[in-house]
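Each chain, written out:
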Amino acid sequence: EKVTIVKTNEEGKVIIDNLPLGTYYIQQIKPGEGFALNTETKEIELIYEGQEVAVVYREIEYENTRQQTKIEINKKDEETSKALQEAVFGLYVKQDIEYIKQDGKKGIIKADELVETQTTNEEGKAIFNNNLPQGKYYIQEIEAPKGYAKNNAIIDIDATYKKEQMQIAEIK
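Residues numbered from 1 in each chain as written. Predicted model: local features only at pLDDT ≥ 70, side-chain atom pairs only at ≥ 80, totals over all residues. Heavy atoms only, no water.

1. A short note on the overall build of the chain
Each helix and strand in the chain was counted, giving zero helices and 11 strands. For 172 residues, the compact-globule formula gives about 16 Å, and the C-alpha radius of gyration of the chain, at 24 Å, lies well above that figure. Along the three orthogonal principal directions, the C-alpha set of the chain runs to about 85 × 30 × 20 Å. In the chain, which comprises 172 residues, the share counted as buried stands at 30%. Long-range pairs, those at least 24 residues apart, make up 59% of the contacts in the chain between residues at least 6 apart in sequence. Of the roughly 12,400 Å² of accessible surface on the chain, a fraction of 44% belongs to carbon and sulfur atoms. Of the charged side chains in the chain, 23 are positive and 32 negative; the average position of the first set lies 5 Å away from that of the second. (Helix = DSSP H or I, 4+ residues; strand = E, 2+ residues; numbered from the N terminus. Rg over C-alpha atoms; globule rule 2.2 N^0.38 Å. Buried < 20%, exposed > 50% of the residue type's maximum accessible area, 1.4 Å probe, protein only. Contact = heavy atoms within 4.5 Å. Areas by Shrake-Rupley, 256 points an atom, 1.4 Å probe, with all protein chains shown as cover. Lys, Arg positive; Asp, Glu negative; His and termini not counted. Charge placed at Lys NZ, Arg CZ, Asp CG, Glu CD.)

Below you can see the structure in the form of structure tokens.
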């Protein structure tokens, strides 16, 4: 039977008062924005500790993984559809992205900042998977493979918040 639903404060903490002694199960039902849901159910037991103890305290901790983005691009010959190796692509931020770093502090990546470069492999694939925060990005070819002209097209990527159960949002 559900006893209560609570929301964490700015420090990520919750206090539940006036629970009778007994065993309780704690389950996270919604993570903070930008974090993956922790599906672990935790048990706490409030037991009698003697008549000198007025209040029984218990602490539990939940850790949430920040959602990350994985972006894959494929480079092929327009006429033959053959995979092209050695194309260099840049991943840029489309608009400022504010995010929470692994250490819990806020970070910001400015619009049009080059975040990462990747070179296509023998399968023509370049994968951006460098712990990217959620947000809007764009990809642009920086250098074409030998014998090819550079494609100046800008590829917009929307890697904003997806399902809360996802730890890594893949965009292909």
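2. Topic: the sheet that holds strand E7 (residues 114-119)
As summarised here, the arrangement of the four strands in space is E7-E4-E9-E10, forming an open sheet in which the pairing is antiparallel. The open sheet has two edge strands, E7 and strand E10 (154-159), and neither has a second partner. The average angle at which neighbouring strand axes cross in this sheet is 25°, direction not considered. (Pairing = 2+ DSSP bridges. Axes fitted to C-alpha atoms, helices over the stretch in contact; angles between N-to-C directions.)

3. Focus: the side chain of Gln28
By the secondary structure assignment, Gln28 is in the loop between strand E1 (22-27) and strand E2 (41-46). A residue is classified by how much of its surface remains accessible, and Gln28, at 17% relative accessible area, is buried. At 2.8 Å, the side chain of Gln28 forms a polar contact with the side chain of Asn64. Every residue in contact with Gln28, bar those within four places of it in the chain, is listed here: Leu37, Asn38, Tyr62 and Asn64. (Polar contact = N/O pair within 3.5 Å; in protein donor to acceptor, adjacent residues only side chain to side chain.)

4. Digging into unusual backbone geometry
Of note in this structure, Glu86 is not a glycine but carries a positive phi near 75°. Mapped onto the fold, Glu86 is located in the loop between strand E3 (68-74) and strand E4 (88-93). Using a relative accessible area of 45% as the deciding quantity, one classes Glu86 as partly exposed. The phi dihedral of Asp112 is positive, around 70°, even though this residue is not glycine.

5. Quick notes on the nonpolar core
Ile71, Phe89, Leu91, Phe128, Tyr137 and Ile139 are the most contacted members of the largest nonpolar core, which totals 15 residues. Mapped onto this core, the elements with two or more residues apiece are E3, E4, strand E8 (125-132), strand E9 (135-143) and E10. (Core = buried A, V, L, I, M, F, W, Y, C linked by side-chain atoms within 4.5 Å.)

6. Side note on a nonpolar patch on the surface
The grouping of Val6, Val14 and Ile16 at the surface amounts to a nonpolar patch, some 210 Å² of accessible area in total. By the element assignment, Val14 lies in the segment before E1. (Patch = residues over 30% accessible without salt bridge, like charges linked within 9 Å, V, L, I, M, F, W, Y side chains within 5 Å. Salt bridge = Lys/Arg side-chain N within 4 Å of Asp/Glu carboxyl O.)

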